[in-house]
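Structural overview
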Amino acid sequence: MPAAEAAPISAGEAAKLLADIERAESVVLAVSGGPDSTALLFLAARWRAARRRGPRLVAVTVDHGLRPGSAREAALVKRLAVRLRVKHTTMRWTGRKPATGLQEAARAARYRLLLAAARREHARHILTAHTLDDQAETVLFRLARGSGLKGLLGMARTSPRDHASLIRPLLDIPKARLIATLMAAKVPFVEDPANQDPRFARTRLRQLASALAREGLDANRLAALARRLGRAEAALAAATEEVLAHLCRKGSTGPGEAVMDAREFRELPAEIGLRVLGRMIGGIGREGPVELGKLERLLEAVLRSGSKRSRLRRTLAGALITADDAAIMVQAAPPRRKPAETAKPRRLRGKAVKASFTGTR
């Protein structure tokens, strides 16, 4: 939808969008100077000015120092913030910049600096200006990279970040409406030329948006897909918790290991078995969440180890997984040994053991 045909966001609609921060003491607004974040600044300032009580707003611009005009753009944001009676601060990304993965590194630096600003301002809420278009772009980006179900949920409206909550109040709003809001209020904004740089995958996906929309795959459809997948994810997560409680209840193993009845595990639907295995490894192992592709290959190997002649002993993400026809065990992997040293496997055969999953961190 072109901005000229879009409806500006009214004060009443903005009040509903910003309801999450009504009782907050201080709120950080991430404002780069582009149309989306400038609209966030304008809407939040207008909303706060109309209220007798409300949070103290602090606009934070992260200057990545990647373009000659970035400091000037930060100064433009500051002038607008002053005009809107909002405190403004600029955070600069200093030091050497990576030769590869620049956008990912810049995004990580942005959130690190926003969190630092929030700590300094005693703010527990950080608002970003992600839109419906950004949500659709994220779903496409993750789909192109082979993400699993959880990744295809896109961005959540609210997500925890260290000591703060990251809130995306405009996540259901098309970008065109934000531009229409700024045009109606005669509020200036800048366009980041990096958004048109075809070297970046997100830019190339963005350039495909109009062609995909003509085939029916527009931002609304992609966002609806993310919401529907969210329902499926919630159901699968609940089912996984029930299975964990059943298969890994208190038994004869100690902290940091879990044993499941192999027959019962192999009868699970594959997606539930995958999640149960991933939860165990993520909780007991020392290396955090497991890459989906590696977890899928491990599940295939575990399911093949059901015969008496086929036993499995494998390490993944800091966890040792041992399986045979009687039991499946996940425990912390032993420290890495010299090539000449070998560890004796723990026998699982015999009576199947049902034990508690006590290694969750």
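We now turn to the structure provided with this report. (Residues numbered from 1 in each chain as written. Predicted model: local features only at pLDDT ≥ 70, side-chain atom pairs only at ≥ 80, totals over all residues. Heavy atoms only, no water.)

This next bit is on the overall build of the chain. When you go through the chain residue by residue, the secondary structure sums to 12 helices and 10 strands. A burial count over the chain gives 46% of its 361 residues as buried. Sequence separation of 24 or more characterises 72% of the internal contacts of the chain that already satisfy a separation of 6 or more. As displayed, the chain has an accessible area near 19900 Å², and 53% of this comes from carbon and sulfur atoms. (Helix = DSSP H or I, 4+ residues; strand = E, 2+ residues; numbered from the N terminus. Buried < 20%, exposed > 50% of the residue type's maximum accessible area, 1.4 Å probe, protein only. Contact = heavy atoms within 4.5 Å. Areas by Shrake-Rupley, 256 points an atom, 1.4 Å probe, with all protein chains shown as cover.)

Our next topic: the nonpolar core. Counting residues in hydrophobic clusters, the biggest one holds 31 residues, and the most contacted among them are Ile-21, Leu-29, Leu-41, Leu-127 and Leu-170. Listed by contribution, the elements that provide at least two residues to this core are helix H1 (11-17), strand S1 (26-30), helix H2 (35-49), strand S2 (56-63), helix H3 (70-83) and helix H6 (175-185). Broken down by element, the residue count for this core peaks at 8 residues, all from H2. Residue contacts for Ile-21: discarding those within four places in its chain leaves Val-27, Trp-47, Pro-55, His-125, Leu-127 and Ile-167. Listed in part, the 29 residues of the second largest apolar core include Ala-258, Ala-262, Leu-299 and Ala-319. (Core = buried A, V, L, I, M, F, W, Y, C linked by side-chain atoms within 4.5 Å.)

Further remarks concern helix H12 (residues 292-304). Here H12 is 13 residues long and its end C-alpha atoms lie 19 Å apart, about the 18 Å a rise of 1.5 Å per residue gives. Turning to H12, its buried residues number three or more, namely Leu-295, Leu-298, Leu-299, Ala-301 and Val-302. Buried residues of H12 fall within an arc of 165° about the axis and therefore sit on the same side. (Expected span 1.5 Å × (residues − 1). Arc of directions from axis to C-beta.)

Enumeration according to the criterion identifies 0 aromatic pairs in this entry. Taking the ring centre of Tyr-111 as reference, the NZ or CZ of Arg-110 above it sits at 5.6 Å. It is Arg-161 that lies over the ring of Tyr-111; its NZ or CZ is 4.2 Å from the centre. (Phe/Tyr/Trp six-rings, centres within 6.5 Å; stacked < 30°, edge-to-face > 60°. Lys NZ or Arg CZ within 6 Å of the ring centre and 35° of its normal.)

Attention now goes to the side chain of Gln-331. Mapping Gln-331 onto the fold places it in strand S10 (residues 327-332). A polar side-chain atom of Gln-331 sits 3.3 Å from a polar atom in the side chain of Glu-257. Once residues lying within four places of it in the same chain are set aside, the contact partners of Gln-331 are Gly-256, Glu-257, Ile-284, Ala-319, Leu-320 and Thr-322. (Polar contact = N/O pair within 3.5 Å; in protein donor to acceptor, adjacent residues only side chain to side chain.)

Taken as a whole and assessed by the stated rule, the structure comprises 10 salt bridges. For Asp-36, the salt bridge goes to Lys-175, with nearest N and O atoms at 3.1 Å. Within this pair, whereas Asp-36 is found in helix H2, its partner Lys-175 is found in helix H6, the two being separated by 139 residues in sequence. A relative accessible area of 12% means that Asp-36 is categorised as buried. What makes Lys-175 partly exposed here is its relative accessible area of 27%. (Salt bridge = Lys/Arg side-chain N within 4 Å of Asp/Glu carboxyl O.)

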